[in-house]
Amino acid sequence: MMGMRLENLLLNNKKLTRFPLMKKPLIYLFLLLVTPALGARPVLAGSYAEDKKQVEAYADELIRLRVRDSEILAKSGKEIDEKTFGTVYGRLYKRIDELRKNKGLIVTYSAIKYRNPQNSGTPFEIRLMAQFRSDRNFKKFWTVTMMGNRSYSRLLRPVFARKSCLTCHGPKDKRAAFIARRYSTDKSYGFKDGELMGLISIYMPDEED
Ligand code: HEC
């Protein structure tokens, strides 16, 4: 939904400029004049290229964090319920919250076979997933998107299943009871080791109010 039309456009035009408004010089000039007055500044202190690198490092960290905690849980032999589930997702959500509060970054997930209906993929995301699935050398995608009237640079990366994920995303009848109970429309099962599960997105605001 968010800026979908724009993103569809951008997917077909990878040589986009960072500022689509460049094409409308008058508007751009107006923004240049007005935004400094609003105290606009980059969110992460570096240059645009450095900020993007930093966001890529955060995506890496979040992907690894879930893998690490899933492995700890799988090895512990603990039964999976609401409480032990928190040992995997508690830390992940806490870190995501920190990145939002401290760095202004917004993290979302999307999937075709999703568990939380909030994570159902948009047509743009579903198309990108097909590309990630068919080309394992294709590892990240940057685009520019609008949310509200704000411009974000958005990183998308694929999330692959590991063995340790399958305790909760493996065979349907092996899911913990609480998952089936809490997510009545769950589709996120039946995955195999190495299969693409979905996407992680990190939105970096291009400027701050
Ligand atoms: C302890 C159980 C458990 C483990 C282990 C687990 N998950 Fe999940 N996963 C869930 C639950 C529950 C949700 C829904 C969370 C929510 O409500 O946002 C979920 C959601 C997701 C989503 C978001 C899309 C969706 O379906 O809603 C992705 C992507 C995902 N998991 C990938 C993984 C990966 C990759 C691993 C292994 C590294 C993993 N999960 C390990 C239980 C688990």
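Note that this is a predicted model, so its numbers are computed, not measured.

Trainee: Tell me about the overall build of the chain, and name the residues and values.
Mentor: For the chain, the count of helices and strands is seven helices and four strands. Order of helices (α) and strands (β) in the chain, N terminus to C terminus: α-α-α-α-β-α-β-β-α-α-β. Split into buried and exposed, the 209 residues of the chain put 19% on the buried side. For the chain, restricting intrachain contacts to residue pairs at least 6 apart in sequence, the fraction spanning at least 24 positions comes to 69%.

Trainee: Could you give me a rundown of the pairing of strand S4 (residues 196-205), with the residues and numbers involved?
Mentor: Looking down a regular strand, the side chains alternate between one sheet face and the other. Most of S4 sits inside the fold, with eight of its ten residues counted as buried. In the sheet, strand S1 (residues 106-110) pairs with S4 via five bridges, with the strands oriented antiparallel. Along S4, the bridge assignment pairs Ser110 with Leu199. Examined bridge by bridge, strand S3 (residues 150-160) and S4 share nine bridges and lie antiparallel to one another. Bridge pairing in S4 links Val159 to Gly198.

Trainee: Lay out the nonpolar core with the relevant residues and their values.
Mentor: The tendency in soluble globular proteins is for nonpolar side chains to be buried side by side. By size, the foremost hydrophobic cluster in this structure holds 20 residues, and its most contacted members are Val55, Leu105, Leu128, Leu199, Ile202 and Met204. Elements supplying a minimum of two residues to this core: helix H3 (48-76), helix H5 (123-134), S3 and S4. Of all the elements, S4 adds the most residues to this core, at six residues.

Trainee: I'd love a proper account of the sheet that holds strand S2 (residues 141-147), names of residues and values included.
Mentor: The antiparallel open sheet is built from four strands, whose spatial order is S1-S4-S3-S2. Each edge of the open sheet is held by one strand with a lone partner, namely S1 and S2. With strand direction ignored, the average angle separating the axes of adjacent strands in the sheet is 30 degrees.

Trainee: Residue-level account of the confidence of the model for the chain, with values.
Mentor: The predicted structure's coordinates, where accompanied by low pLDDT, should not be read in detail. In this model, the chain carries an average pLDDT of 83, and 78% of its residues clear a pLDDT of 70 or more. In this model, residues 1-22 is a region of pLDDT below 50 whose contacts with residues beyond four sequence positions or in other chains number 30 contacts. Segment residues 35-41 is flagged for pLDDT under 50; beyond a separation of four residues in sequence, or across chains, it makes seven contacts in the model.

Trainee: An account of helix H4 (residues 82-103) is requested, with residue identities and associated values reported.
Mentor: Here H4 is 22 residues long and its end C-alpha atoms lie 30 Å apart, about the 32 Å a rise of 1.5 Å per residue gives. Directly beyond the C-terminal end of H4, a positive phi value near 70 degrees is found at Gly104.

Trainee: Mind laying out H3, listing which residues take part and the relevant values?
Mentor: Under the 1.5 Å per step criterion, the end-to-end length of H3 is 42 Å for 29 residues, consistent within 8% with the ideal 42 Å. Those residues of H3 lying buried are Val55, Tyr58, Leu62 and Ser70. Where H3 is buried, its residues touch H4, S1, S3 and S4. Positioned one or two residues after H3, Gly77 has a phi angle of 70 degrees, which is positive.

Trainee: Any details on the site of the ligand? Residues and values, ideally.
Mentor: By nearness alone, 25 residues border the ligand, and Arg115, Asn116, Asn119, Cys165 and Cys168 come closest of all. For the shell around the ligand, the elements supplying multiple residues, two or more each, are H3, H4, helix H6 (166-169) and S4. Examining the composition of the shell around the ligand, we find that four residues originate from one element, H3, more than from any other. Looking at the shell around the ligand residue by residue, the class counts come to 14 nonpolar, eight polar and three charged.

Trainee: Mind laying out the environment of Asp81, listing which residues take part and the relevant values?
Mentor: You can see Asp81 is positioned in the loop between H3 and H4. Asp81 gets classed as exposed once you count the C-beta atoms within 10 Å, which come to 12. For the pair Asp81 and Phe178, spaced 97 residues apart in the sequence, the C-alpha separation amounts to 6.1 Å. For Asp81, the residues in contact, after removing those within four places along its chain, are Ala176 and Phe178.

Trainee: How would you summarise the pairing of S2 if you had to cite specific residues and measurements?
Mentor: Relative to S3, S2 is paired through seven bridges, and the arrangement is antiparallel. Bridge pairing links Thr145 to Tyr152 in S3. In this structure, the hairpin formed by S2 and S3 is closed by a connection of two residues, where Gly148 is found at a positive phi of approximately 60 degrees.

Calculation criteria
Each chain carries its own residue numbering, running from 1 in the direction its sequence is written. pLDDT decides what is reported in this predicted model: residues at 70 or higher carry local features, side-chain atom pairs at 80 or more are listed and counted, and totals for whole chains, interfaces and linings draw on all residues regardless. Helix numbers and strand numbers start at the N terminus; a helix is a DSSP run of H or I with at least 4 residues, a strand a run of E with at least 2. As a rule, residues whose C-beta atom has 12 or fewer other C-beta atoms within 10 Å are exposed, those with 20 or more are buried, and those in between are partly exposed; C-beta atoms are placed from the backbone. We call two residues in contact when the distance between their C-beta atoms, placed using the backbone, is within 7 Å. Two strands qualify as a pair provided DSSP detects at least 2 bridges between them. What we call a nonpolar core is a set of buried Ala, Val, Leu, Ile, Met, Phe, Trp, Tyr and Cys residues whose membership is set by joining through C-beta atoms within 7 Å. To obtain an axis, a line is fitted to C-alpha atoms, over the contacting stretch when the element is a helix, and the angle between two such axes runs from 0 to 180 degrees between their N-to-C directions. Scored from 0 to 100, pLDDT reflects the predictor's confidence in each residue. By this rule the span expected of a helix is its residue count minus one, scaled by 1.5 Å. As a rule, any residue with its backbone-derived C-beta atom within 6 Å of a molecule or strand is reported as near that molecule or strand. Residue polarity follows a fixed list, in which Ala, Val, Leu, Ile, Met, Phe, Trp, Tyr, Cys and Pro are nonpolar, Asp, Glu, Lys and Arg are charged, and the others, Gly among them, are polar.

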